[in-house]
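# A look at the structure
Here is what each chain is made of, one letter per residue.
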Amino acid sequence: MAKSFLSFLLFSILVVFYLPLSKAEYNIMSFGAKSNGHTDSTKAFLKASSSACSSSNEATIYVPSGKFLVGHVQFKGPCKSRVLIKMKGTLLAPSDYKGSGNEWIVFKNIDGLAIQGGTVDGRGQALWKCKESGKNCPHGWRSMLFDHSKNIKIEDLTSVNSKQFHIVIHSTQRVMLRKVTIIAPDESPNTDGISIQKSSDVTVLDANIKTGDDCISMSGGTRNVWAERISCGPGHGIGIGSIGKSYNEKGVQNITVKDTVFTGSDNGLRIKAWGRPTTTYVRGVVFENSIMKNVKNPIIINQNYCPHSKNCPNKHSGVTISDISYNNIQGSSKSSVAVKFDCSPANPCKGISLKNIKLTYHGGLAKSSCKYARGKSYGNVNPKSCPT
Ligand SMILES: *[C@@H]1O[C@H](CO)[C@@H](O)[C@H](O)[C@H]1NC(C)=O
């Protein structure tokens, strides 16, 4: 009796431990990839991807140490089972910007994908130079796009020097980004860190972002975002917008951004809405526990966005901005106005709540500026006086 129980136990242990090991693994080297940084490994990457995607067991694509030159790749689902991309090495984009299209690495129609570790290097330097020179240059590739996908988990990934945006989440649900590092120079144009568009249930934890444009941006149709323990700067801050460029754009709601540190960034916590007619909205936003270090606009809502004053009839914004709370925001402002609510007379911002705010300017008091912002202050709020 005891003996047969023992063998049953052993058998169970075998099943439990052996089965997960039987998952398929596809090393890109065995599809012909070279780790020397200059042999084109695009085909190897694509072959490994399509093998993984058609595997009926959970499959792993393995990118070992080394540098792999990879051109535009599209990883297209649906796949037969979950796919894991395990990376030790670096994927290098071509250093020129002649490739067509707007994306480098695309994941489309994928349900169930994890990316662990590794670096993607967009090598944007030549394109940024072109853009700085004022010449007519292409937009350039966004490094990674997750499009019409679900259940995506990205961990310990580093993205450097993208030609354009680093990571774009578009029309995608249930995304977790953990310990992602994004690095590009302060002056690199359009190198947004994480851009969340028309997506929902996106969690960003422990991100470290230094870049030339927004660290994290959320645009129309985005819901249920939780961003926590984010360091941003240099960069343009964490923001919602631009919202309301088109009339029927979907709104943004239920956004939490907490435990953030902004260092030398242009903005801290920003909402930016077009001064155009639209039915869209931004509502239910919580900004909590932020430290500002020499930030130009620590707290800002601009509801009158209209670059070059073009295409904004009457400049009245139709974007409804409501239930926005700022709780425990401290530190230093680089400009004298640390809190700025510039809302529309035709459609004032509502339900703005400020609690425990302490922002200084050159060691002294900073100022606030409020136009058409309705709401309340609680606890100690410095600078004072708005909203009302
Ligand atoms: C708001 O978003 C959070 C995730 O950030 C989610 O857990 C929560 O259920 C959402 N609330 C509603 C009412 O959808």
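Attention here is on the structure that accompanies the text. As the structure is a computational prediction, the values presented were derived from the model and not from experiment. (Residues numbered from 1 in each chain as written. Predicted model: local features only at pLDDT ≥ 70, side-chain atom pairs only at ≥ 80, totals over all residues. Heavy atoms only, no water.)

## Some thoughts on the environment of I352
Summarising the element assignment, I352 is placed in strand β28 (residues 349-361). Here the alpha-carbon distance between I352 and A52, two residues 300 residues apart in the chain, equals 49 Å. Other than its neighbours up to four places away in sequence, I352 contacts I301, I324, Y326, F341, A373, R374, G375, K376 and P387. (Helix = DSSP H or I, 4+ residues; strand = E, 2+ residues; numbered from the N terminus. Contact = heavy atoms within 4.5 Å.)

## Structural notes on helix α3 (residues 125-132)
Buried within α3 are the following residues: L127, W128 and C130. All buried residues of α3 fall inside an arc of 160° around its axis, so they share one side. Exposed residues on α3 whose side chains face more than 90 degrees from its buried face are K129 and E132. Looking one or two places after α3, you find G134, whose phi comes out positive at around 80°. (Buried < 20%, exposed > 50% of the residue type's maximum accessible area, 1.4 Å probe, protein only. Arc of directions from axis to C-beta.)

## Examining the state of the cysteines
Inspection of the entire model under this criterion finds 5 disulfides. At a sulfur-sulfur separation of 2.1 Å, the disulfide partner of C53 is C79. Disulfide C53-C79: torsion about the S-S bond near -100°, hence left-handed. With C53 in helix α2 (residues 42-53) and C79 in the loop between β5 (73-76) and β6 (83-87), this residue pair connects regions lying 26 residues apart in the sequence. For C79, a relative accessible area of 19% corresponds to the buried category. A disulfide bridge connects C343 with C349, and the sulfur atoms are separated by 1.9 Å. Across the disulfide from C343 to C349, rotation about the S-S bond amounts to roughly -95°, and the bridge is consequently left-handed. (Disulfide = S-S within 2.5 Å.)

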